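The residues making up each chain are set out below.
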Amino acid sequence: MMNTILFDLDNTLYPERTYVESGFKEVSNYLSKKYNLNDDETYNIILDIFNEHGRGKTFNLLLDELDLNKQEDVLNLVYIYRYHFPNIKPYEDSLHVLSKLKVNFKLGLITDGRVFVQKRKVDALDIGKYFDTIIFTDLLGEKFWKPSQVPFQIALNNLDSNASESIYVGDDPYKDFKAPIELGMKTIQVTRDVDTGYWKDKGFNKYDAEISIKGLNDLLEFLEIE
């Protein structure tokens, strides 16, 4: 009998792209006010750079494009991006499903990423109230980020749960499912109908979840919850 469900955060309970866009908006607002630029145009330039080049050098390329690389410190833009309070919302099905599951299951959240960033996401989404334990893996050290088993073991211990009676729900086959599979948990991948652009090789082996669902409402159907 399953009694525990652990969830991933990014691209499982909300679309991570919206966090990126929220951070870019903060950066564009800052630059536009400081240098008297058009905010919408600046924001669109950031998006174009990100869409073409991906993560990494977005702000360096932006300052080159705006000819501000001598006036502005790129680390300041990184700070604004990372420490902003994000304008993000859960997927349409997330809160409904979490509220349903909370009645009959112990719920946990395991999320990678810098703890100050991930905590702001949880606060902005207003989802902390649904979980009996939240594991910010960054507090354990980066070597214990997924696919390490350690955060899963801690979550199960906090909930006094057995792996064999627990489910893990995530999206990324390159880091989400290795540990729960090894621990003997049931694994479910949320694929949704949109391409998040996030499922890519992160230097880990790919581990396929036991079950694939299109959205969290399918999780209720799988668990026979009305």
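The present account deals with the structure reproduced in this document. (Residues numbered from 1 in each chain as written. Predicted model: local features only at pLDDT ≥ 70, side-chain atom pairs only at ≥ 80, totals over all residues. Heavy atoms only, no water.)

### As for the pattern of salt bridges
Enumeration over the complete set of coordinates arrives at 17 salt bridges. A salt bridge links lysine 146 to aspartate 8; its shortest N-O distance comes to 2.7 Å. Of this pair, lysine 146 sits in the loop between strand 3 (133-136) and helix 7 (150-158) while aspartate 8 sits in the loop between strand 1 (4-7) and helix 1 (16-35); the two residues are 138 residues apart in sequence, bridging distant segments of the chain. The residues lysine 146 and aspartate 8 share a single accessibility class, namely buried. Lysine 175 serves as the salt-bridge partner of aspartate 112, at 3.2 Å between the closest nitrogen and oxygen. Of this pair, aspartate 112 sits in the loop between strand 2 (106-111) and helix 6 (115-125) while lysine 175 sits in the loop between strand 4 (166-170) and helix 8 (178-183), placing them 63 residues apart in sequence. A single network of salt bridges, built from pairs that share partners, joins Asp8, Lys146 and Asp176. (Salt bridge = Lys/Arg side-chain N within 4 Å of Asp/Glu carboxyl O. Helix = DSSP H or I, 4+ residues; strand = E, 2+ residues; numbered from the N terminus. Buried < 20%, exposed > 50% of the residue type's maximum accessible area, 1.4 Å probe, protein only.)

### Observations regarding the packing of aromatic side chains
Per the counting criterion, the structure on display carries 10 aromatic pairs. A ring pair is formed by phenylalanine 59 and tyrosine 81, whose centres lie 5.9 Å apart and whose planes are at 65°; its orientation type is edge-to-face. Of this pair, phenylalanine 59 sits in helix 3 (residues 58-66) while tyrosine 81 sits in helix 4 (residues 74-83); the two residues are 22 residues apart in sequence, bridging distant segments of the chain. Residue phenylalanine 59 shares its accessibility class with tyrosine 81, and that shared class is buried. Centroid distance tyrosine 79 to tyrosine 83: 4.5 Å. Interplanar angle 25°. Geometry classified as stacked. Linking tyrosine 79 with tyrosine 83, this pair stays in helix 4, spanning 4 residues, or about one helical turn. A connected cluster of aromatic rings, assembled from ring pairs, spans Tyr19, Phe24, Phe50, Phe59 and Tyr81. Directly above the aromatic system of tyrosine 19 lies the positively charged group of lysine 121, at a separation of 4.5 Å from the ring centroid. The positively charged end of arginine 192 is found above the aromatic ring belonging to tyrosine 91, 3.6 Å away from the centroid. (Phe/Tyr/Trp six-rings, centres within 6.5 Å; stacked < 30°, edge-to-face > 60°. Lys NZ or Arg CZ within 6 Å of the ring centre and 35° of its normal.)

Such coordinate-based values are descriptive only and should not be taken to indicate function.
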